[in-house]
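Reading the structure
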Amino acid sequence: MNMGVKDKDGKICYVIGVTKAICKKIDKSFGDTVAITICERV
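Residues numbered from 1 in each chain as written. Predicted model: local features only at pLDDT ≥ 70, side-chain atom pairs only at ≥ 80, totals over all residues. Heavy atoms only, no water.

1. Section: the overall build of the protein
- Check the secondary structure of the protein and you find 1 helix and 2 strands.
- Ordered by position from N to C terminus, the α and β elements of the protein give β-β-α.
- Taken over the C-alpha atoms alone, the protein extends approximately 30 × 30 × 15 Å along its principal axes.
- Put simply, the protein shows about 4,600 Å² of open surface, and 58% of that area lies on carbon and sulfur atoms.
- In the protein, which carries 8 positive and 5 negative side-chain charges, the distance between the mean positions of the two groups comes to 6 Å. (Helix = DSSP H or I, 4+ residues; strand = E, 2+ residues; numbered from the N terminus. Areas by Shrake-Rupley, 256 points an atom, 1.4 Å probe, with all protein chains shown as cover. Lys, Arg positive; Asp, Glu negative; His and termini not counted. Charge placed at Lys NZ, Arg CZ, Asp CG, Glu CD.)

2. Side note on the environment of Met 1
- Of note, Met 1 is situated in the segment before strand S1 (2-6).
- You can call Met 1 exposed: its relative accessible area is 61%.
- Sequence separation between Met 1 and Lys 28 is 27 residues; the distance between their C-alpha atoms is 20 Å.
- In contact with Met 1, not counting residues within four places along its chain, are Tyr 14 and Val 15. (Buried < 20%, exposed > 50% of the residue type's maximum accessible area, 1.4 Å probe, protein only. Contact = heavy atoms within 4.5 Å.)

3. Brief notes about the pairing of S1
- Pairing between S1 and strand S2 (residues 12-14): 3 bridges, direction antiparallel. Within S2, the residue paired with Lys 6 across the bridge is Ile 12.
- Connecting the antiparallel pair S1 and S2 is a turn made up of 5 residues, with Gly 10 showing a positive phi of about 85°. (Pairing = 2+ DSSP bridges.)

4. Overview of the layout of surface pockets
- Volume-wise, the largest pocket comes out at about 490 Å³.
- In terms of residue class, the lining of the largest pocket is built from 10 nonpolar, 3 polar and 2 charged. (1 Å grid on protein atoms, 1.4 Å probe; cavity = no way out; pocket = protein on both sides within 12 Å on 5 of 7 lines; lining within 4 Å. Points joined across faces, edges and corners; volume = space filled by probe spheres on them. Nonpolar A, V, L, I, M, F, W, Y, C, P; charged D, E, K, R; others polar.)

5. Description of a nonpolar patch on the surface
- On the surface, a nonpolar cluster with roughly 620 Å² of combined accessible area is contributed by Ile 16, Val 18, Ile 22, Ile 26, Val 34, Ile 36 and Ile 38.
- With respect to the helices, strands and loops of the structure, Ile 26 is situated in the segment after helix H1 (20-25).
- Overall, the relative accessible area of 44% leaves Ile 26 in the partly exposed class. (Patch = residues over 30% accessible without salt bridge, like charges linked within 9 Å, V, L, I, M, F, W, Y side chains within 5 Å. Salt bridge = Lys/Arg side-chain N within 4 Å of Asp/Glu carboxyl O.)

6. Observations regarding unusual backbone geometry
- Of note, the phi angle at Asp 27 is positive, near 55°, even though the residue is not glycine.
- Note that Asp 27 resides in the segment after H1.

Shown next, in the form of structure tokens:
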């Protein structure tokens, strides 16, 4: 979701909700940055 947030280069950043269960599994918490790869379903 576009929340109007931009990175240091001025590019638009998107926000993706992540469940508590997934955060626990990947050892992340609120406010942490994660890398996401999105692939098209075929």
